[in-house]
2 protein chains.
Amino acid sequence: MKKFINKVDDILTESLSGFALAHNDLVSLHLDPNFLTRKQLAQNKVAIISGGGSGHEPLHAGYIGYGMLDAACPGHVFSSPTPDQMLAAAEAVHTNKGILFIVKNYAGDVMNFEMAGEMLAVGHATVLTSDDCAVINSTYTTGRRGVAGTVIVEKCVGSLAETGASLQACKALGDKVNSRTASIGVALTSCTVPAAGRPTFDIGDNELEMGVGIHGEPGRRREAMREADAIVKDMIDAILADFTSRNLGPTKNSEVLLLVNGLGATPLMELYLIYNTAAKLLVDAGLNVTRSLVGNYTTAIDMAGASITACLLDDEIKQHWDSPVHTPALRWGC
Amino acid sequence: MKKFINKVDDILTESLSGFALAHNDLVSLHLDPNFLTRKQLAQNKVAIISGGGSGHEPLHAGYIGYGMLDAACPGHVFSSPTPDQMLAAAEAVHTNKGILFIVKNYAGDVMNFEMAGEMLAVGHATVLTSDDCAVINSTYTTGRRGVAGTVIVEKCVGSLAETGASLQACKALGDKVNSRTASIGVALTSCTVPAAGRPTFDIGDNELEMGVGIHGEPGRRREAMREADAIVKDMIDAILADFTSRNLGPTKNSEVLLLVNGLGATPLMELYLIYNTAAKLLVDAGLNVTRSLVGNYTTAIDMAGASITACLLDDEIKQHWDSPVHTPALRWGC
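Residues numbered from 1 in each chain as written. Chains lettered and ligands numbered in written order. Predicted model: local features only at pLDDT ≥ 70, side-chain atom pairs only at ≥ 80, totals over all residues. Heavy atoms only, no water.

Visitor: What am I meant to see in the overall build of chain A here?
Guide: Secondary structure assignment for chain A yields eight helices and 14 strands. The C-alpha atoms of chain A give a radius of gyration of 19 Å, which matches the 20 Å a tight globule of 334 residues would have. Summarising its shape, the C-alpha atoms of chain A cover approximately 50 × 50 × 35 Å along the three principal directions. Within chain A, the fraction of its 334 residues that count as buried is 64%. A separation of at least 24 residues holds for 72% of the contacts in chain A among residues at least 6 apart in sequence. For chain A, the computed accessible surface area is about 11,300 Å², with 50% contributed by carbon and sulfur atoms. Between the centroid of the 26 positive side chains of chain A and the centroid of its 36 negative side chains there is a distance of 4 Å. (Helix = DSSP H or I, 4+ residues; strand = E, 2+ residues; numbered from the N terminus. Rg over C-alpha atoms; globule rule 2.2 N^0.38 Å. Buried < 20%, exposed > 50% of the residue type's maximum accessible area, 1.4 Å probe, protein only. Contact = heavy atoms within 4.5 Å. Areas by Shrake-Rupley, 256 points an atom, 1.4 Å probe, with all protein chains shown as cover. Lys, Arg positive; Asp, Glu negative; His and termini not counted. Charge placed at Lys NZ, Arg CZ, Asp CG, Glu CD.)

Quick look at the structure:
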């Protein structure tokens, strides 16, 4: 394992400290328990809090700021944050409108956010993201996993919260975006968890893992490596089949947000090549790709791989996707 | 070699097509010869054109847009673009105020941009970037290499050009930014050029290449892998020594822009850890880090590695760094 680290135990603190230093106009870091908030705390809105294991950067701390999260709770690498982190974050950012947790569907995250919720004195709700259509149930999950689609949920819910919308309305929008979003990932290499010091799984020079999870969890199957177009076609087919199985249509000319997400070690050149094929396949299927995002938005440490996410848009989702956002990792309109 | 590609010969066209599709609100792609321009061509300003071999994405096409480039000419992977590309780009975007080429100092790029300049009917000038303080002369370079500091040059010159400034003023600012910028890179792995199909160089599990170039060119020396703090200290020492050798001071409280740039396969978590150490070392040296950028901005395909760039700010550079920019890869203030 070669990584830019000092002591394995210090990675998280040192990385978070660098993040907070680099973005000290936008975020504040609190240690023991670890959480990050906006530098300028928002008033009179639902507080949007997310969190999860580290190693998926910029998720979640990179999405703290106007139009998105109020706070994020980073666990250790690939480990759930603990309830004391969520309670401290909630205490720091809640106003008078309640707290919405956005939680990726992993057993540890779900349990710990639930425990925090039970201890909270203020009103709260939870949006559980489960956009990964690769597998039902997985190493750390009962049901579908939450992956890169979480970024779209956080963006839209964060936008709605800025308008002063109620906790119920924010939860409803989050649930709706999640219900209209499907993702699938593919790995060419494993990731390496620093504390483990070696790749999470072995994979041959001529293999790929179709449907891989963002912690290196097994996907649908080990397959032969092949041309990008063939890989992407299988991924888009899986997403379209998922939409169909959920009775989401999609109907002709349905508008779609297409997110091609790098898992950590895949060059932009390849992500754009994937985007090119994915967009054409969606158009061939009668859809209208009107929003895009390409880059490293939900990673698996240093995995070479990518995921494709499609979100079926409606006017409300478009409005909240397009609205101004000012965070370390997503910024437009301000 | 495992990459998301189809035929090696088609990588560039397919990736550029995906890039243009994903950012069709901002850029237009022209093929044969290959160049990209802003979707909405600017009027009555110096046209800022850059280009170079592909494989460094988002450099340069990712910096096309308001406040930065008017056009970019992508060569094949790690190969210089040709004069016909630059001439076609110039023809497409020039107005009445002349053309400024921003060229990284590599022999092929310099020669081809010079040839294009000789054939141009309109007034032009060139800013040659040479921020890499690792080595004097290198595989493809006489003199210092142009690396990630080029992004700062493009941002500042692009900003000044939007004000209607003259060609001479734009060139002067570009030269000044370059003269106040120093970078150094380090590789933990090689990159793999798709057409070659195997890593450009061999490197052991306990080695790093200090001072590596963005094409995998040799750096200062092969060194033993060690803790991040020790690696970063050597890099910051090299940058400070370079400033001193160029009589740039820096004086106490000099303001600095600190760019920690990933070379393609290094996770954000590690880049922020590097930033944390680098910022502290600069502060220890009496400097004041007031601007930051952390992420993949000038890459070497899929190299695991990072570079550190410091730019000594003055009021003019700060003004043009902070000004609004709207490109696929850098966006703020609009």
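Once the structure has been displayed, the description carries forward.
Visitor: How should I be thinking about the sheet that holds strand 3 (residues 47-54) of chain B in this particular structure?
Guide: Strand pairs in the sheet, formed through backbone hydrogen bonds, run parallel or antiparallel to each other. Residue and element names in this part refer to chain B. The mixed open sheet is built from six strands, whose spatial order is 1-2-4-3-5-6. Edge strands, defined here as strands with exactly one partner in the open sheet, are strand 1 (27-30) and strand 6 (124-129). Averaged over all neighbouring strand pairs, the angle between strand axes comes to 20°, with direction disregarded. As judged from the four bridges shared by strand 1 and strand 2 (residues 35-38), these two strands associate in the antiparallel manner. Along strand 2, the bridge assignment pairs Leu29 with Leu36. Along the sheet, helix 2 (residues 83-93) contacts strand 2, strand 3, strand 4 (71-77) and strand 5 (99-104); its crossing angle with strand 4, the most-contacted strand, is approximately 160°. Along the sheet face, helix 3 (residues 107-119) touches strand 3, strand 5 and strand 6 and points at about 165° away from the line of strand 5. (Pairing = 2+ DSSP bridges. Axes fitted to C-alpha atoms, helices over the stretch in contact; angles between N-to-C directions.)

Visitor: Sorry if this is basic, but what is going on with the interface of chain A and chain B here?
Guide: Quite often, the size of an interface is put as the accessible area lost when its parts meet. Taken together, the contacts link 56 residues of chain A with 56 residues of chain B. Buried area between chain A and chain B, both sides added, is near 4,600 Å², and the carbon and sulfur share of it is 65%. The three residues of chain A that bury the most area against chain B are Lys2, Phe4 and Met269 of chain A, which together make up 22% of that side's buried surface. In this structure, the connection of chain A to chain B is made through two salt bridges. (Buried area = accessible area lost by both parts, 1.4 Å probe. Salt bridge = Lys/Arg side-chain N within 4 Å of Asp/Glu carboxyl O.)

Visitor: I keep staring at the relation of the copies chain A and chain B and nothing clicks. Help me out?
Guide: One chain copy maps onto the other through a rotation about an axis and a shift parallel to that axis. Note on the identical chains: chain A maps onto chain B by a rotation of 180° and an axial translation of 0.0 Å, with an RMSD of 0.0 Å. The operation mapping one copy onto its partner corresponds to a two-fold rotation axis. Rotation axis and chain A: the residue whose C-alpha lies nearest the axis is Ala265 of chain A, separated from it by 1.9 Å. (Least-squares fit on C-alpha atoms with pLDDT ≥ 70 in both.)

Visitor: Please explain the domain arrangement of chain A as it appears in this structure.
Guide: All names here are of chain A. Its domain assignment divides chain A into domain 1 (9-179) and domain 2 (181-320). At the interface, 36 residues of domain 1 touch 37 residues of domain 2. For the pair domain 1 and domain 2, the two sides together bury roughly 2,900 Å², of which 60% comes from carbon and sulfur. Of all residues in domain 1, Phe78, Cys133 and Ile152 give up the largest surface area on contact with domain 2, accounting jointly for 19% of the area buried on that side. Note that Asp242 is salt-bridged to Arg144, the shortest N-O span being 2.7 Å. (Domains from an automatic or database assignment.)

Visitor: Which parts of the structure should I look at to understand the nonpolar core?
Guide: Across soluble globular proteins, nonpolar side chains show a tendency to be buried alongside one another. If you look at the biggest cluster of nonpolar residues, it comprises 204 residues, and the most contacted ones within it are Leu100, Ile308 and Leu330 of chain A together with Leu100, Leu258, Ile308 and Leu330 of chain B. For this core, the element with the most residues is helix 7 (residues 268-284) of chain B, which contributes 10 residues. (Core = buried A, V, L, I, M, F, W, Y, C linked by side-chain atoms within 4.5 Å.)

Visitor: Mind showing me how you'd approach a negative patch on the surface here?
Guide: Among the surface-exposed residues, Asp9 and Asp10 of chain A together with Glu227 and Asp229 of chain B lie close enough to one another that they form a single negatively charged patch. Secondary-structure assignment places Glu227 of chain B in the loop between strand 9 (221-224) and helix 6 (228-245). Relative accessible area serves as the criterion here: at 37%, Glu227 of chain B is assigned to the partly exposed category. (Patch = residues over 30% accessible without salt bridge, like charges linked within 9 Å, V, L, I, M, F, W, Y side chains within 5 Å.)

Visitor: Can you walk me through the packing of aromatic side chains in this structure?
Guide: When we look at a pair of aromatic rings, we describe it by the centre distance and by the angle of the planes. Across all of its chains, the model carries six aromatic pairs over all chains by this definition. Taken together, a centroid distance of 5.1 Å and an interplanar angle of 80° make the contact between Phe19 of chain A and Tyr272 of chain B edge-to-face. On the criterion of chain membership, the pair formed by Phe19 of chain A in helix 1 (residues 11-22) and Tyr272 of chain B in helix 7 is interchain, its members lying in two chains. On the basis of relative accessibility, which here comes to 6%, the residue Tyr272 of chain B falls in the buried class. (Phe/Tyr/Trp six-rings, centres within 6.5 Å; stacked < 30°, edge-to-face > 60°.)

Visitor: I keep staring at the sheet that holds strand 12 (residues 305-312) of chain A and nothing clicks. Help me out?
Guide: Residues and elements named next belong to chain A. Spatial ordering of the open sheet is given by 9-8-7-12-10-11, a layout of six strands whose pairing is mixed. Only two strands of the sheet have a single partner each, and these edge strands are strand 9 (221-224) and strand 11 (288-295). Neighbour to neighbour, the strand axes of the sheet diverge by 20° on average, direction disregarded. Of the pairings in the sheet, the one linking strand 10 (residues 255-262) to strand 11 comprises seven bridges and is parallel in character. The residue bridging Val260 from the neighbouring strand is Val294, located in strand 11. With respect to the sheet, helix 7 (residues 268-284) is in contact with strand 10, strand 11 and strand 12, its orientation differing from that of strand 11 by roughly 165°.

Visitor: Can you help me understand the packing of helix 6 (residues 228-245) of chain A against helix 7 of chain A in this one?
Guide: Two measures define how a pair of helices packs: the angle their axes make with one another and the distance between the axes. Residues and elements named next belong to chain A. At a minimum axis separation of 9 Å, helix 6 and helix 7 run at an interaxial angle of 45°. In terms of axis orientation, helix 6 runs oblique to helix 7. In the crossing of helix 6 with helix 7, the sense of the turn from one axis to the other is right-handed. Contacts from Ala228, Asp229, Val232, Lys233, Ile236 and Leu240 in helix 6 reach Leu273, Ile274, Thr277, Ala278, Leu281 and Leu282 in helix 7. (Parallel < 35°, antiparallel > 145°, perpendicular 65-115°, else oblique. Left-handed = near helix turned anticlockwise from the far one by under 90°.)

Visitor: Which parts of the structure should I look at to understand the pattern of salt bridges?
Guide: Under the counting rule described, the total for this entry stands at 40 salt bridges over all chains. Note that Arg226 of chain A is salt-bridged to Glu223 of chain A, the shortest N-O span being 2.7 Å. Using a relative accessible area of 12% as the deciding quantity, one classes Glu223 of chain A as buried. Residues Glu316 of chain B and Lys176 of chain B are paired through a salt bridge, measuring 2.5 Å at the closest nitrogen-oxygen approach. Taken together, the residues Glu316 of chain B in helix 8 (residues 315-322) and Lys176 of chain B in helix 5 (residues 167-179) connect sequence positions 140 residues apart. Taking the relative accessible area as the measure of exposure, Lys176 of chain B reaches 23% and is therefore partly exposed. One network of salt bridges, with partners in common, ties together Arg38, Lys45, Asp70 and Glu162 of chain A.

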